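Descriptive analysis of the structure
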Amino acid sequence: MKGLFISGSDTNVGKTFIAQHLIRLLSSTLKVSVRKPVESDCENQNGQLIPKDALLLSKACNINEPIDKVCRYKFEACSSAQMASQALGLKLTLDDLVDACMVDEFVVVEGAGGLLSPIAIQALNSDLIQVLDMPVVLVVKDELGAVNQALLSINAAQRYGLNISMLVLNQIQPNLLKNAQEIAQYTDININVFNQDDLAAFESQVEKILLVI
């Protein structure tokens, strides 16, 4: 199965936001499916759980699929996928999530939380990536502390034998920090800064990397 796995250094770093841009870039030349196999903190609308992130991913791609296929496991609780499923007495396994990601087309899969966030019974996002055998796009919020967060995640990825194809520093707020230059001193991973005011530059750099995936 060919695709990309979108992960982050933490929660709320902008994984879905960056994933949408990558999906749109890929969709200009490929048929792209998306999967958010499990999502917590879903909105309950008249008894139906709405996976907000999965909906955004689905709207960005060029293959129209039912949301229940894009996101098979939905939970209302704002907690890790593992805790949310166990609270409902559901034994969510790694095999369940792997099966939920299986598609024939190129697929962009977004995890839940960071690389080492629990996602199923005795399984982390890193375990899911290992089985899917996909290159990783690691999203880090571009702020004070980003160097530490990035290097911790890179070290974790190396421990699990994961291939980080690209590190995206998501510059939610403009700043004068030089996190990209600092991180580059300790790794040869491709680093791209996402700045809404310079979207063309980001897309140009990303396209070069996506060509070899």
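In this text, all values refer to a predicted model and were calculated from it rather than measured experimentally.

**Description of the overall build of the protein**
From N to C terminus, the protein includes nine helices and twelve strands. Computed over the C-alpha atoms, the radius of gyration of the protein is 16 Å, within 12% of the 17 Å expected from 2.2 N^0.38 for a compact globule of 213 residues. Seen through its C-alpha atoms, the protein measures out along the principal axes to roughly 45 × 35 × 30 Å. Here the contacts in the protein between residues at least 6 apart in sequence split such that 74% fall between residues at least 24 apart.

**Looking at the layout of surface pockets**
Taken as a whole, the largest pocket spans an internal volume of roughly 540 Å³. Lining the largest pocket are 25 residues; nearest its centre among them are Thr11, Asn12, Ser40, Asp53 and Gly113. Going through the elements one at a time, helix H1 (15-27), strand E3 (38-39), helix H2 (52-60) and strand E7 (106-114) are the ones with two or more residues in the lining of the largest pocket. With four residues, the single largest contributor to the lining of the largest pocket is H1. Tallied by class, residues from the lining of the largest pocket come to eight nonpolar, ten polar and seven charged.

**Quick word on the UniProt feature "binding site: Mg(2+)" (unreviewed entry) in the protein**
As recorded in UniProt, the feature "binding site: Mg(2+)" (unreviewed entry) lies at Thr16, Asp53 and Glu110. Judged by maximum C-alpha separation, these annotated positions cover 95 residues in sequence but sit close together in space, the widest gap being only 9.1 Å. Among the residues just listed, Thr16, Asp53 and Glu110 line the largest pocket. Residue position: Asp53 is located in helix H2. With relative accessibility at 26%, the residue Asp53 sits in the partly exposed group.

**Observations concerning the sheet that holds E7**
On the basis of which strands lie adjacent, the open sheet formed by six strands has the order E2-E7-E1-E10-E11-E12 and parallel pairing. Each having just a single partner strand, strand E2 (32-35) and strand E12 (191-194) make up the two edges of the open sheet. Each strand axis lies, on average, 25° off the axis of its neighbour in the sheet, ignoring direction. Here strand E1 (residues 3-8) pairs with strand E10 (residues 136-141) via four bridges, running parallel. Looking at the pairing, Ile6 lines up with Val137 of E10. On top of the sheet, helix H6 (residues 125-132) reaches E1, E7 and E10; it is set at about 160° to E7, its chief contact. Helix-sheet contacts for helix H7 (residues 146-159) involve E1, E10 and strand E11 (164-170), and the interaxial angle to E10 is about 155°.

Cut-offs applied
- Residues numbered from 1 in each chain as written.
- Predicted model: local features only at pLDDT ≥ 70, side-chain atom pairs only at ≥ 80, totals over all residues.
- Heavy atoms only, no water.
- Helix = DSSP H or I, 4+ residues; strand = E, 2+ residues; numbered from the N terminus.
- Rg over C-alpha atoms; globule rule 2.2 N^0.38 Å.
- Contact = heavy atoms within 4.5 Å.
- 1 Å grid on protein atoms, 1.4 Å probe; cavity = no way out; pocket = protein on both sides within 12 Å on 5 of 7 lines; lining within 4 Å.
- Points joined across faces, edges and corners; volume = space filled by probe spheres on them.
- Nonpolar A, V, L, I, M, F, W, Y, C, P; charged D, E, K, R; others polar.
- UniProt positions renumbered as here; feature names shortened; annotations may be inferred.
- Buried < 20%, exposed > 50% of the residue type's maximum accessible area, 1.4 Å probe, protein only.
- Pairing = 2+ DSSP bridges.
- Axes fitted to C-alpha atoms, helices over the stretch in contact; angles between N-to-C directions.

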